[in-house]
Amino acid sequence: MRAIVVSPNGVAIACVDPADVDERAMPTVWWGSPAAAAEQVAEIERTEGPRWAMWSQDSARELLELGVEVARSWDVAAVHRVLFGGWRADPARAWARIGGLSTRDLPADAPLDLFHQEPDGDPDDPVRPDGHLRPDWVAGAWQETPERAGRWATVLAELVRRQRAAIEELADREDGRPAARRTASSESTAELLCAELGHAGLPVDRTAMEAAIASFVGPRPASEREAVERVVARDEAVLRHVPQGIRFDLRSPTQVRSMLRVVGVEVPDTRAWRLEQHRDAHPLVDALLTWRKAERVATTFGYPWLDERLGADGRFRGEWSAADGAAGRMTASGGLHNMPADLRSGVVAAPGHRFVRADLGQIEPRVLAAVSGDRSLARASQADDLYAPVAAELGVERAVAKVAVLGAMYGQTTGEGARALQGLRRSYPIAMSYLEAADATAQVGTDLRTYGGRLLRMGGPVPVERAQAAARGRFGRNAMVQGAAAELFKVWALIVRARGRSVDAEVVLCLHDELLVHVPDEHVEVAASMVDEALGEAAARWAPDRSVRFLSDTSIVRSWADAKP
DNA sequence: TGCGGCTATTG
DNA sequence: CACAATAGCCGCAG
């Protein structure tokens, strides 16, 4: 522990080198205004470049708001999620878990009542006699004095020390995960990237995005009355196809089913892919499908969505999470991860800039080859199109080989993919056993760990219905691949983030296997090469075995829509 | 008012 | 509708 920088209204960053934590050392505390604290952080970053210990992405967000960006961190919440799975990772929970305390009923910051007048222990000690953190300290009581801030920093340092020991133990175990050391670092730093993504936002051209929205729902209504009229008109375009006198609520699936029955279309549900089969049966079906598309844009990706999230600086902002609760993929709110592809024309680089857009080709089967150690599948990964050699090996069409491989990773038990499974088992026994072992383990509720060491919680040995057990098996089987792919992707994104600094290349979007990097025109070629090189480096760093080939499809574009689909 | 079901979008 | 996610609306229970 070297230093801590504190401001009375909230910035608490301990500067800790996890390799050098001395539990007895008292931290140096800088106590000042937020601006002064930020300046201190910037100075330490400049001169020492440490791995900063942080409670969570919140710490990084506070720093960014003060104009300070740091390169590396040990993020207690991120490491907690790796070690123990799940998503919740508040300080009290992380502290309790690493200390072996129960997290079933964590002490809450409940108001004191007659029966709990005086909380036990010393109110100036952040740790209660029962070993839990004091809720009032977690809630902010640590900020009251420099002495308290120092004690709080010591708690953080101790937590980091214990987490680090747990990661080392995991890496050194007989059945361990040596990659866990690297995962702890990359998952931590991914939290910094997420804070930066949320802070900086995605370049969006308001005019272009409004045009894209307008192509579905018409131009922005001038008044509330006009907005209502627009909705009525959209509904009417569908309802005019049914006999007069009967009104149906198009937003109610039950009523839509009745409406379709009136014109002689019988469907078990009203999902688009099913209605597609009946497009020719009656003009109503086509009108309904068009309505659905417009309604979706109007309610979720319309003008209110844009107004709420697009700033005057031309940046569209959502909140980013570095690891979801399941397999550990990055997620984003605000529609950044499920924006209809038709709106991508609104995502445009700023004047004088271009995007480097890159996505990983066939990432999941390649990751499967790597984590399972299947040499045959690794050989297939040498091809630009992995499914081609697999199809040749199985003696089937490429399309069949593809659904078979995907089906194996998803746990599909019916259809064409399942029929080709026997061939996969024969030709790629190591990879298939890897998936089947994960499936079997998950079915009985036993937790799994990804290649990188992330715990995948499977619910414990609670008896469940057969169908539920099968679903758990499919989840476990897929999470081992999806989670490992997420780990590799993050390493790649972080290398791009670090290397990009020198050419002002800024990662502005991460989408599971796709990166969008915003770059000044003059550096865009260099940045594109850098993105490709970063993948090789990421693969080597993530899994030092070089037998599996990873590919990125990289292009330079003005708009996200210009990238080939 | 909260929550499960349905629907649509993305990888 | 195989795996994951976010998100909105409807219908029903409390």
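In what follows, the structure referred to is the one given above.
One structure accompanies this document, and this report is about it. Only a predicted model underlies this, so the values are computations on that prediction, with no experimental measurement involved.

### Regarding the overall build of chain A
1) Next: Looking only at helices and strands, chain A has 22 helices and 15 strands in total.
2) Next: In terms of overall size, chain A behaves like a compact globule, its C-alpha atoms giving a radius of gyration of 27 Å where 565 residues would be expected to give roughly 24 Å.
3) Next: Across its three principal axes, chain A shows a C-alpha extent of roughly 80 × 65 × 65 Å.
4) Next: A burial count over chain A gives 51% of its 565 residues as buried.
5) Next: Taking the contacts inside chain A whose residues are at least 6 apart along the sequence as the reference set, 65% of them involve residues at least 24 apart.
6) Next: Carbon and sulfur atoms provide 51% of the accessible area of chain A, an area that totals close to 25,900 Å².

### Some words on the protein's contact with DNA strand C
1) Next: Around DNA strand C, a shell composed of 22 residues is seen, among which Arg-271, Gly-334, Asn-338, Gln-412 and Arg-474 lie nearest.
2) Next: Those atoms of DNA strand C that come within 4 Å of the protein belong to sugar or phosphate at a rate of 66%.
3) Next: Gly-334 places a polar main-chain atom, nitrogen or oxygen, 2.6 Å from a phosphate oxygen of DNA strand C.
4) Next: The separation between a sugar or linking oxygen of DNA strand C and a polar side-chain atom of Gln-482 is 3.3 Å.
5) Next: Broken down by secondary-structure element, the contributors of at least two residues to the surface near DNA strand C are helix H12 (283-300), strand E9 (331-332) and helix H21 (466-500).

### Overview of the layout of surface pockets
1) Next: The space that makes up the largest pocket amounts to roughly 500 Å³.
2) Next: Lining the largest pocket are 26 residues; nearest its centre among them are Trp-55, Ser-56, Gln-57, Asp-58 and Ser-59.
3) Next: Those elements that provide at least two residues to the lining of the largest pocket are helix H2 (57-65), helix H3 (76-84) and strand E8 (320-321).
4) Next: For the lining of the largest pocket, the two domains that each supply at least three residues are domain 1 (3-176) and domain 3 (314-363 + 486-562).

### Regarding the protein's contact with DNA strand B
1) Next: Taken together, 19 residues form the shell around DNA strand B, and within it Thr-270, Ala-272, Arg-292, Arg-344 and Asp-513 come nearest.
2) Next: Restricting the count to atoms of DNA strand B within 4 Å of the protein gives a sugar and phosphate share of 85%.
3) Next: Side-chain polar atom of Arg-292 to a phosphate oxygen of DNA strand B: 2.7 Å apart, as the coordinates give it.
4) Next: Here a phosphate oxygen of DNA strand B and a backbone polar atom of Ala-341 are 3.1 Å apart.
5) Next: Tallied by class, the residues present in the surface near DNA strand B amount to 6 nonpolar, 5 polar and 8 charged.

### Some details on H12
1) Next: An ideal rise of 1.5 Å per residue puts 26 Å on 18 residues; H12 measures up with 26 Å between its terminal C-alpha atoms.
2) Next: Buried residues of H12: Leu-284, Val-285, Ala-287, Leu-288, Leu-289, Trp-291, Ala-294, Glu-295 and Val-297, and no others.
3) Next: Contacts from the buried residues of H12 go to helix H8 (206-217), helix H9 (224-239), helix H10 (253-262) and helix H11 (272-275).

### Focus on empty space enclosed by the protein
1) Next: Using the criterion set out here, one finds 5 cavities of 30 Å³ or more in the structure.
2) Next: Counted as a void, the largest cavity has a volume near 50 Å³.
3) Next: As for the largest cavity, its lining consists of Ala-60, Leu-63, Leu-64, Val-68, Glu-69, Val-70, Leu-192, Ala-195 and Glu-196.
4) Next: The set of elements that each furnish at least two residues to the lining of the largest cavity consists of H2 and helix H7 (180-200).

### Regarding the state of the cysteines
1) Next: Going through the model one piece at a time under the given rule, you end up with 0 disulfides.
2) Next: Take Cys-194: it sits in no disulfide, and the sulfur closest to it among the cysteines is that of Cys-510, at 7.0 Å.
3) Next: Under the relative-accessibility criterion, Cys-194 is labelled buried at 1%.

### A closer look at the packing of helix H4 (residues 91-98) against helix H6 (residues 146-172)
1) Next: Where H4 contacts H6, the two axes come as close as 10 Å, and the packing angle between them is 50 degrees. In terms of orientation, H4 lies oblique with respect to H6. Of the two elements, H4 crosses H6, and the hand of that crossing is left-handed. Here Ala-94, Trp-95 and Ile-98 of H4 lie close against H6, whose contacting residues are Val-155, Glu-158, Leu-159, Arg-162, Gln-163 and Ala-166.
2) Next: For the contact of H4 with H6, the residue count by class is 6 nonpolar, 1 polar and 2 charged.

### Brief notes about the pattern of salt bridges
1) Next: Inspection of the entire model under this criterion finds 45 salt bridges.
2) Next: Across the salt bridge formed by Arg-148 and Asp-124, the nearest N and O atoms sit 2.8 Å from each other. Here Arg-148, found in helix H6, pairs with Asp-124, found in the loop between H4 and helix H5 (135-138); they are 24 residues apart in sequence, far enough to count as distant.
3) Next: For Arg-148, a relative accessible area of 10% corresponds to the buried category.
4) Next: You can call Asp-124 partly exposed: its relative accessible area is 36%.
5) Next: Between Arg-134 and Asp-136 there is a salt bridge whose closest N-O contact spans 3.6 Å.
6) Next: In this structure Arg-134 comes out as buried when scored by relative accessible area, which is 3%.
7) Next: The partly exposed category is assigned to Asp-136, whose relative accessible area is 31%.
8) Next: Linked by salt bridges that have partners in common, Arg-206, Glu-210, Arg-220 and Asp-307 make up one network.

Thresholds, definitions, all that
- Every chain is numbered on its own, with residues counted from 1 as its sequence reads.
- All chains are assigned letters beginning with A, and all ligands numbers beginning with 1, in the order in which they are written.
- Local features in a predicted model are, by the rule used here, given only for residues with pLDDT of at least 70; side-chain atom pairs are given and counted only at 80 or more, and totals for whole chains, interfaces and linings are based on all residues.
- Hydrogens and water are ignored here; the side-chain numbers use all heavy atoms of the structure.
- Only DSSP runs of H or I covering at least 4 residues are called helices, and only runs of E covering at least 2 are called strands; the numbering of each starts at the N terminus.
- Note on method: radius of gyration uses C-alpha positions; expected globular size equals 2.2 Å times residues raised to 0.38.
- Throughout this description, buried means an accessible area under 20% of the type-specific maximum (1.4 Å probe, protein chains only), exposed means over 50%, and partly exposed covers the range between.
- By definition, residues are in contact when any of their heavy atoms lie within 4.5 Å.
- Values of accessible area rely on a 1.4 Å probe in the Shrake-Rupley scheme; residue burial ignores everything except the protein chains shown.
- Nearness is judged by heavy atoms alone; a residue qualifies as near a molecule or strand once a single heavy atom is within 4 Å of it.
- We call two N or O atoms a polar contact when they sit within 3.5 Å, provided that within protein one can donate a hydrogen and the other can accept it, with sequence-adjacent residues counted only if both atoms are side-chain atoms.
- Detection works on a 1 Å grid of protein atoms alone, calling trapped sets that fit a 1.4 Å probe cavities and calling open sets with protein on both sides within 12 Å along at least five of seven lines pockets, with lining residues defined by an atom within 4 Å of a point.
- Grid points are joined across faces, edges and corners, and a volume is the space filled by probe spheres set on the points.
- What counts as a domain boundary in this text is fixed by an automatic or database domain assignment.
- Nonpolar residues are Ala, Val, Leu, Ile, Met, Phe, Trp, Tyr, Cys and Pro. Charged residues are Asp, Glu, Lys and Arg, and all others, Gly as well, are polar.
- For a helix, the expected span equals 1.5 Å multiplied by the residue count minus one.
- By convention in this document, the label disulfide applies to cysteine sulfur atom pairs within 2.5 Å.
- For helices, the fitted line uses only the C-alpha atoms of the stretch in contact; every axis is such a line through C-alpha atoms, and the angle between N-to-C directions lies from 0 to 180 degrees.
- Comment on the angle field: the value is read as roughly parallel under 35 degrees, roughly antiparallel over 145, roughly perpendicular from 65 to 115, and oblique elsewhere.
- Put simply, a crossing is left-handed when the front helix is turned counterclockwise from the back one by less than a right angle, and right-handed when it is turned clockwise.
- One side-chain nitrogen of Lys or Arg within 4 Å of one carboxyl oxygen of Asp or Glu is enough to make a salt bridge.

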